[in-house]
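# Notes for the structure review
The primary structure of each chain is shown beneath.
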Amino acid sequence: MDITRSSPAPVRVVAVPPEPEPADLTALPEPIAVEPLQTLPATATTATATTATTSAITTTVTTSATATDVGGRRNRPRDLLALLRPGQWVKNLAVVPLALLDTHPWGAAAFLRTGWAVLGFTLASALVYVVNDLADRERDRLHPVKRHRPIASGRVSTLAAVVLTGALALALTGWAVAGPAWQWWPTALYLALSLAYSQGLKHVPLVDAFIVATGFVLRLVQGALLIGAQMSEWLALCVFSLCLMLALGKRRHEMTAAGRAHRPALRGYTLAFLDHLVVLVAVLTAVSYVLYLRDDASLAAGASLVTLLSAPCAVFGLARYLQLLLVEEGGGNPVHVLFRDRATLVNAALWAVLVALALLLPQSPA
């Protein structure tokens, strides 16, 4: 019986081999043979794939960049107009018509001649802007803000800027020929000073800011010359000192924003020196304005109260600009500072109403 019991045991052992029929899982060793393909070739293929993709990306980027250039994204009318800086034309509208302050009564002829003067200086200033951007295109690329200008950014080619310069020069010549004879000399002097400025005087400290301020006085002279008005010396001094203050404030902002490397003339300035100059010129502006109102302005009879009220408006405007420049670190673009600040706009509107009342009321008998 013991033998019979031991005999079935081998039978059970024989029955065990058929159970491992899942030994078809011997397919597992087959992927093991693929292991050498996963070690070295896999890394090589991934490396080649990444290099291929990066090269493909670079080629697509370069081709897309060239495609944008070839596709006409350069020299677009919008960029050409931006090169003329239409936002800066407000300077001509703000300075040239000041000659009307010394003209009374006003007439249609005076307004037409004032518009003619504004047109001439708008063409001249646009020409100067293009020439300056052409000369400073390499230096502007290093500036955090000016690198976005049309020529510095590459949106306008050098050839297109040169052609635009020629067109502006022809238009300005036509303006001078069509106007009164020999009354265009302030515009011609402005162009000569601006050319000297672009050729090297802009690198001379103090001289650069004084030339900019002189250009605004020439705007005033051009308006008075075409209108036939007698220009006040106090008004000319007020315009000169005000524009000099704005030019110095712009240089102070450039020094704080981009350092001295961008503009060589900034090496002759320090922040403390510019702060003293700006305050000094602001005082000169306020004094010359009050003296103009007292001595030369053609005010109405009994307008002394209006004059007294307009003086604080002028002083507040100067103080507000100094606050924006010295406290809020603004002043990079005087046009934006003066025409986008709410306090300045409200103060300017009140000042304009007071001055208009002083000018439009009946004059005192001679």
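Residues numbered from 1 in each chain as written. Predicted model: local features only at pLDDT ≥ 70, side-chain atom pairs only at ≥ 80, totals over all residues. Heavy atoms only, no water.

### Here we look at the environment of Pro-264
Within the element layout of this structure, Pro-264 appears in the loop between helix H12 (233-258) and helix H13 (271-295). A relative accessible area of 23% means that Pro-264 is categorised as partly exposed. In sequence terms Pro-264 and Lys-202 are 62 residues apart; their C-alpha atoms lie 8.3 Å from each other. Filtering out sequence-adjacent residues up to four positions away, Pro-264 remains in contact with Arg-139 and His-203. (Helix = DSSP H or I, 4+ residues; strand = E, 2+ residues; numbered from the N terminus. Buried < 20%, exposed > 50% of the residue type's maximum accessible area, 1.4 Å probe, protein only. Contact = heavy atoms within 4.5 Å.)

### So, the state of the cysteines
Each disulfide consists of one covalent bond between the sulfur atoms belonging to two cysteines. All told, the structure shown has 0 disulfides when counted by the stated rule. Not part of a disulfide, Cys-238 finds its nearest cysteine sulfur in Cys-243, a span of 9.0 Å. Accessibility expressed as a relative area gives 8% for Cys-243, which makes it buried. (Disulfide = S-S within 2.5 Å.)

### Side note on helix H10 (residues 185-199)
Residue pairs three or four apart in sequence face the same way in an α-helix, which turns once every 3.6 residues. Taking 1.5 Å of rise per residue, the 15 residues of H10 would be expected to cover 21 Å, and the 21 Å separating its terminal C-alpha atoms lies within 8% of that figure. Those residues of H10 lying buried are Pro-186, Thr-187, Tyr-190, Ser-194, Tyr-197 and Ser-198. The arc enclosing the buried residues of H10, seen along the axis, measures out at 110 degrees, which places them on a common side. Lining the buried residues of H10 we find helix H6 (108-135), helix H9 (158-178), helix H11 (207-227) and H12. (Expected span 1.5 Å × (residues − 1). Arc of directions from axis to C-beta.)

### Notes on H13
Across its 25 residues, H13 extends 36 Å between first and last C-alpha, which sits within 8% of the 36 Å expected from 1.5 Å per residue. Of the positions making up H13, those classed as buried are Leu-274, Leu-277, Val-278, Val-281, Ala-282, Thr-285, Ala-286, Ser-288, Tyr-289, Leu-291, Tyr-292 and Leu-293.

### A few points about the confidence of the model for the chain
When pLDDT is averaged along the chain, the result is 77, and 74% of the positions lie at 70 or above. The secondary structure element of the chain with the lowest average pLDDT is helix H3 (residues 29-70), at 41, and the one with the highest is H9, at 94. In the predicted structure, residues 1-17 sits below a pLDDT of 50 and forms 0 contacts with residues beyond four places in sequence or in another chain. (pLDDT = per-residue confidence, 0-100.)

### Describing the packing of H12 against H13
The N-to-C vectors of H12 and H13 enclose an angle of 160 degrees; their axes lie 8 Å apart at closest approach. Here H13 runs roughly antiparallel to H12, going by the angle between their axes. As for how H12 packs across H13, the hand of that crossing is left-handed. Its residues placed into classes, the contact of H12 with H13 shows 19 nonpolar, 5 polar and 4 charged. (Axes fitted to C-alpha atoms, helices over the stretch in contact; angles between N-to-C directions. Parallel < 35°, antiparallel > 145°, perpendicular 65-115°, else oblique. Left-handed = near helix turned anticlockwise from the far one by under 90°. Nonpolar A, V, L, I, M, F, W, Y, C, P; charged D, E, K, R; others polar.)

### Regarding the side chain of Thr-187
Here Thr-187 lies in helix H10. The exposure class assigned to Thr-187 is buried, which follows from its relative accessible area of 2%. In terms of polar contacts, Thr-187 uses its side chain to reach the side chain of Gln-222, at 2.7 Å. The contact partners of Thr-187, leaving out residues within four places of it in the chain, are Gly-120, Phe-121, Ala-124, Leu-172, Trp-175 and Gln-222. (Polar contact = N/O pair within 3.5 Å; in protein donor to acceptor, adjacent residues only side chain to side chain.)

### What about the packing of aromatic side chains?
The full count for this structure, using the stated rule, is 6 aromatic pairs. Between Trp-116 and Trp-175 the ring centres are 6.0 Å apart and the planes differ by 20 degrees, which places this aromatic pair in the stacked class. Taken as a pair, Trp-116 in helix H6 and Trp-175 in helix H9 lie far apart in primary sequence, 59 residues in all. In this structure Trp-116 comes out as partly exposed when scored by relative accessible area, which is 28%. Here Tyr-289 and Trp-351 contribute two aromatic rings whose centre-to-centre distance is 6.4 Å and whose plane-to-plane angle is 50 degrees, an arrangement assigned as tilted. Note that Tyr-289 is positioned in helix H13 and Trp-351 in helix H16 (residues 342-360), a separation of 62 residues in sequence. Since its relative accessible area comes to 10%, Tyr-289 is described here as buried. Sitting over the ring of Phe-216, Arg-219 keeps its end group 4.5 Å from the ring centre. (Phe/Tyr/Trp six-rings, centres within 6.5 Å; stacked < 30°, edge-to-face > 60°. Lys NZ or Arg CZ within 6 Å of the ring centre and 35° of its normal.)

### A closer look at the packing of H6 against H9
Direction vectors running N to C along H6 and H9 enclose 155 degrees, while the axes themselves pass 9 Å from each other. In this view, H6 runs roughly antiparallel relative to H9, as classed from their interaxial angle. Along this stretch, H6 crosses H9, giving a crossing that reads as left-handed. For the pair H6 and H9, the contacting residues are Trp-116, Ala-117, Leu-119, Gly-120, Leu-123, Ala-124, Ala-126, Leu-127, Val-130, Val-131 and Leu-134 in the first and Thr-158, Ala-161, Val-162, Leu-164, Thr-165, Leu-168, Ala-169, Ala-171, Leu-172, Trp-175 and Ala-178 in the second. Of the residues contributing to the contact of H6 with H9, the split by class is 19 nonpolar, 3 polar and no charged.

### Regarding a nonpolar patch on the surface
Residues Leu-201, Val-204 and Val-207 make up a contiguous nonpolar surface patch of roughly 180 Å² in combined accessible area. Positionally, Leu-201 belongs in the loop between H10 and H11. Assessed through its relative accessible area of 30%, Leu-201 is described here as partly exposed. (Patch = residues over 30% accessible without salt bridge, like charges linked within 9 Å, V, L, I, M, F, W, Y side chains within 5 Å. Areas by Shrake-Rupley, 256 points an atom, 1.4 Å probe, with all protein chains shown as cover. Salt bridge = Lys/Arg side-chain N within 4 Å of Asp/Glu carboxyl O.)

### Topic: the nonpolar core
With 45 residues, the main nonpolar core has Leu-220, Val-239, Leu-244, Met-245, Leu-248 and Tyr-269 as its most contacted residues. The element best represented in this core is H12, accounting for 12 residues. Leaving out residues up to four positions away in the same chain, Val-239 has contacts with Val-95, Leu-98, Phe-216, Val-217 and Leu-220. With 21 residues, the next largest nonpolar core counts Ala-126, Leu-134, Trp-175 and Tyr-190 among its residues. (Core = buried A, V, L, I, M, F, W, Y, C linked by side-chain atoms within 4.5 Å.)

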